Amino acid sequence: MASPASRPIPPPPAGLARLSLPVEGMTCASCVGRVERALQAVPGVHSAAVNLATERADVGFAGPADAQAVVRAIHGAGYSVREEVTELSIEGMTCASCVGRVEKALSQVPGVLEASVNLATERARVRHLSGVVSLASLDAAVAKAGYTARRAGAATASAADQDTERREQEARELRRALWIAAALTLPVFVLEMGSHLVSAMHQWVMHVLGQQTSWYIQFALATLVLFGPGIRFFRKGVPALLRGAPDMNSLVSVGTAAAYGYSVVATFLPGVLPPGTANVYFEAAVVIVTLILLGRTLEARAKGRTSQAIKRLVGLQAKTARVERNGATVEIPLEQVVTGDVVLVRPGEKVPVDGEVVDGASYVDESMITGEPVPVSKEAGAAVVGGTLNTTGAFRFRVTQVGANTVLAQIIRLVEEAQGSKLPIQALVDKVTMWFVPAVMAGAALTFLAWLVFGPAPALTFALVNAVAVLIIACPCAMGLATPTSIMVGTGRAAELGVLFRKGEALQALRDVSVVALDKTGTLTKGRPELTDLLPADGFSHDEVLALVAAVESRSEHPIADAVVVAATQRGLDVAAMEGFEATPGFGVAATVGGRRVAVGADRFMTRLGLDVGAFQTAAQRLGAEGKSPLYASIDGRLAAIIAVADPIRETTAEAINALHALGLRVAMITGDNAATAAAIARQLGIDEVAAEVLPDGKVAALKTFRANGARVAFVGDGINDAPALAEADVGLAIGTGTDVAIEAADVVLMSGDLRGVINAIALSHATIGNIKQNLFWAFAYNAVLIPVAAGVLYPLNGTLMSPIFAAAAMALSSIFVLGNALRLKRFRAPMATDARGATA
């Protein structure tokens, strides 16, 4: 008999929704039992069977399959479920309600945990169970909702070219449709509106051309417009309407069809209409189509500008590489380069991929990756980054990373993910827009009935015109574009400034922080010990002492010793050989160098040697106040110098902390230093709170203390050793270099090692959220004010009615306004110049 752990999973009874998912972490039959019990406890689950051999759980539901509840139950039992993320390009979306429909369709696919759709990028990000959801099922769900989906590839140069070509093709089609519509609309507008506005034109139409002939001409031209350039609205809008999921195209198609259909009846069957109501509105139908096409054309143009940041990043990639193969140097496409290849880079060429220099030397401009304005020296052993520009010399390097693993590819992925993310502020927008179009159609129907029943004669005419105006003026586009366009432009501008928002949510969260906690080593400081002070005693010279001390320390592997040796080398001093090396743990080291006895160590070491360090008491107190621990050197039995080796504070740290204070933020420091040293550094820099003597695993606890009274905390660390703290903070900012990107733990990555980038990130957060709020205010205020005006609420007061033509113009302008306002973020100026940009103020 098969054990419970390996028995085959029976199929659920017919009619039950079924979900089969992979479970990780099970090791025995008791694990199987725990998972089964957890699944059976989920509301709505009819049956659950788990197989240890295949590591799968088969769940039957009495109602719709609830994948999220099942995953939560498995996680609660102590096991995990493999997940994947699939990105799709969605074609055919035109407004915020489209976004809601696609998200709903994708979320209903069994196994999908979360679906997020972005109107501005026209992409969907689907998080689903691994091996449960197929690309075909996602495509089918999107197609059923009335749209087209295709797998979104990585942002390579060729993919970018294809995407650009597709967008340009759409823009060309829109421009062509606009010109055709405008050419056919102009005669209709002149014939109808001209006869109303110009007396001579009225006389010519009525007595020369004839009113009926004029209507026939308008009918012919309007038919060409609606079923030519305007057919796109009907192709999308009518099926959406029939599915019970109307969108903006439905509003346009119903509005124009109402105006056109009424006009056709008035032209050919006027007798069926009440006396005095046989009027035509062909000009309203065609002008609406033309104006909305104009809005779509301008919108497509503006959308193209919002994605320029990604295009520029993709453009940094080289298309070919000069690789050594079989004893010869050949130029091959970038896609064919593999790890281990040796690549030759000549002056003026881009470094194609990441690698390590084998031989040769040059200066490489890395500003497009790290923003560092000064070219960086590259010699054998130095790392080079794909996308950077070689300036003067030539060198060969061995490839270490290709494709999606290169630094540039990771940066592009970060920007794409941030641009496609949704902020918490958008939750309300999504809820409103799902019901917006149906509500507008209901409002239009109510408007029609109200005017028909209570309106003045000709009531039918008033009812039709105002109902059409309500349908046309409503703009879900502006609401749908308000947030994603600002995120796209804001995160793109941030990337240009060396600030990478790994998660779009950090844009909003960063704006709300009140405490900025800083890791000391590598963040406030340079992260490597340096010789900061060497004060010789009378009778000794600086370089003489440094050369002798470096000779003694050359045997030691301590970081302090290494700093002394590096300082001597940088000054061009000869580090002589030494002999008789002795190390006294806890005290110091001594050796003979060129016949001279040299000792280096703490004050207690000098005391053991019978030397009085009182002569350096003032200097020692000053160094202690600066957070430095002094050492002493003796030569031939005489006290020779006081030395301090420390991890020096970055030159820009004090300025950055002052700027944080100017923003009204409290600044905290987390360090492993003793309390006295930490307090000295805090006094020197003006830091408000200190957590000292913190072990690496204690940083999370330190952050929790800074959260007193509900404060929101941002943590800034080097992104490698600080991963738990970066994840625990409300916003984690990893500060480092372009080749040291903390992609997994941080919410924000600062590409340079400059702390002033934090201020720029916060300022950009404020600017972007402010821009989003402006857009949302406009989008909601526009609809809240103008829809009632279009319905005719002002008519009883002052006789004001809104023509459907003006309604169409206002609707088109609302989207353009939102896009134009978002594009202002491209001109954002960083409040502080950084080493990452070297510019702006």
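Because the structure is predicted, anything quoted here is derived from the model rather than measured. (Residues numbered from 1 in each chain as written. Predicted model: local features only at pLDDT ≥ 70, side-chain atom pairs only at ≥ 80, totals over all residues. Heavy atoms only, no water.)

Sorry if this is basic, but what is going on with helix H22 (residues 653–662) here?
In an α-helix, one turn spans 3.6 residues; hence positions three or four apart end up facing the same way. Within H22, burial applies to Thr 653, Ala 656, Ile 657, Ala 659 and Leu 660. Along H22, the residues classed as buried sweep out an arc of 160° about the axis, all on the same side. Buried residues along H22 sit in contact with strand E18 (515–519), helix H17 (520–524), strand E25 (666–670), helix H23 (675–685) and helix H26 (756–791). (Buried < 20%, exposed > 50% of the residue type's maximum accessible area, 1.4 Å probe, protein only. Helix = DSSP H or I, 4+ residues; strand = E, 2+ residues; numbered from the N terminus. Arc of directions from axis to C-beta. Contact = heavy atoms within 4.5 Å.)

How do you make sense of the side chain of Ser 130 when you look at a structure like this?
Looking at the element boundaries, Ser 130 is found in the loop between strand E6 (123–129) and helix H4 (135–144). In this structure the side chain of Ser 130 is engaged in a polar contact, spanning 2.9 Å, whose partner is the side chain of Glu 84. Apart from the residues lying within four places of it in its own chain, the contact partners of Ser 130 are Pro 22, Arg 82, Glu 83 and Glu 84. (Polar contact = N/O pair within 3.5 Å; in protein donor to acceptor, adjacent residues only side chain to side chain.)

I tried to follow the environment of Gly 614 on my own but got confused; where do I start?
Tracing the backbone through its elements, the reader meets Gly 614 in the loop between helix H20 (603–608) and helix H21 (617–625). You can call Gly 614 partly exposed: its relative accessible area is 37%. For the pair Gly 614 and Asp 603, spaced 11 residues apart in sequence, the C-alpha separation works out to 9.7 Å.

How do you make sense of the sheet that holds E25 when you look at a structure like this?
One key point about sheets: their strands pair by backbone hydrogen bonds, in either a parallel or an antiparallel sense. Taking strand neighbours across the sheet as the criterion, the 7 strands line up as E17-E29-E28-E27-E18-E25-E26 in an open arrangement whose pairing is mixed. The outermost strands of the open sheet, each flanked by one partner alone, are strand E17 (499–501) and strand E26 (689–691). Adjacent strand axes in the sheet meet at a mean angle of 20° when their direction is disregarded. Of the pairings in the sheet, the one linking E18 to E25 comprises 5 bridges and is parallel in character. In the sheet register, Leu 518 faces E25, and the bridge partner there is Met 669. (Pairing = 2+ DSSP bridges. Axes fitted to C-alpha atoms, helices over the stretch in contact; angles between N-to-C directions.)

Help me understand the side chain of Asn 390, please; the structure alone is not making it clear to me.
Secondary-structure assignment places Asn 390 in strand E15 (residues 389–390). Apart from the residues within four sequence positions on either side, Asn 390 is in contact with Val 345, Arg 346, Pro 347, Gly 348, Glu 349, Ser 362, Tyr 363, Val 364 and Phe 395.

How should the packing of helix H9 (residues 248–268) against helix H14 (residues 459–473) be read in this particular structure?
Interhelical geometry of H9 versus H14 gives an angle of 155° and a closest axis separation of 8 Å. Between H9 and H14, the angle falls in the class roughly antiparallel. Relative to H14, the crossing made by H9 is left-handed. For the pair formed by H9 and H14, the contact residues are Leu 251, Val 252, Val 254, Gly 255, Ala 258, Ala 259 and Tyr 262 on the first element and Leu 460, Thr 461, Leu 464, Val 468, Leu 471 and Ile 472 on the second. By residue class, the composition of the contact of H9 with H14 is 11 nonpolar, 2 polar and no charged. (Parallel < 35°, antiparallel > 145°, perpendicular 65-115°, else oblique. Left-handed = near helix turned anticlockwise from the far one by under 90°. Nonpolar A, V, L, I, M, F, W, Y, C, P; charged D, E, K, R; others polar.)

Explanation requested: the pattern of salt bridges in the structure shown.
Side-chain pairing between opposite charges can occur once the charged atoms of the two side chains come close. In this structure the tally under the stated criterion is 23 salt bridges. With a shortest N-O distance of 2.8 Å, Glu 349 and Arg 322 are connected by a salt bridge. Linking Glu 349 in the loop between strand E10 (342–345) and strand E11 (354–360) with Arg 322 in strand E8 (residues 320–325), this pair joins segments that are 27 residues apart in sequence. With its nearest N and O atoms 2.8 Å apart, the salt bridge here joins Glu 728 to Arg 707. With a gap of 21 residues between them, Glu 728 in helix H25 (residues 723–728) and Arg 707 in the loop between helix H24 (699–706) and strand E27 (713–717) connect regions that are remote in the sequence. (Salt bridge = Lys/Arg side-chain N within 4 Å of Asp/Glu carboxyl O.)

Looking at this structure, I do not really get the nonpolar core. What am I missing?
Within soluble globular proteins, side chains that are nonpolar generally end up buried alongside one another. Formed by 128 residues in total, the largest nonpolar core has its most connected members in Ile 90, Met 93, Leu 106, Phe 501, Leu 510, Val 731 and Leu 733. With 15 residues, H26 is the single largest residue contributor to this core. Beyond its immediate sequence surroundings of up to four residues, Leu 106 is in contact with Leu 88, Val 112, Ala 115, Val 117, Ala 124, Val 126, Leu 138 and Val 142. Counting residues in each nonpolar core, the second largest holds 43 residues, with Leu 534, Ala 590, Met 606 and Ala 640 among its members. (Core = buried A, V, L, I, M, F, W, Y, C linked by side-chain atoms within 4.5 Å.)

How should I be thinking about the packing of aromatic side chains in this particular structure?
By convention here, two paired aromatic rings are described through the distance between centres and the angle between planes. A full pass over the atoms with the stated rule returns 14 aromatic pairs. Where Phe 219 meets Phe 268, the ring centres are 5.0 Å apart and the plane angle is 80°; that geometry is what we call edge-to-face. A residue pair is termed long-range when its members are at least 10 positions apart, and Phe 219 in helix H7 (residues 211–226) and Phe 268 in helix H9 qualify at 49 residues. Three or more aromatic residues joined by ring pairs form one cluster here, namely Tyr 216, Phe 219, Phe 227, Phe 234, Tyr 260, Phe 268 and Phe 282. Above the ring of Phe 587, the side-chain terminus of Arg 604 is found at 5.8 Å from the ring centroid. Sitting above the plane of the Phe 587 ring, Arg 608 keeps its charged end 4.0 Å from the centroid. (Phe/Tyr/Trp six-rings, centres within 6.5 Å; stacked < 30°, edge-to-face > 60°. Lys NZ or Arg CZ within 6 Å of the ring centre and 35° of its normal.)

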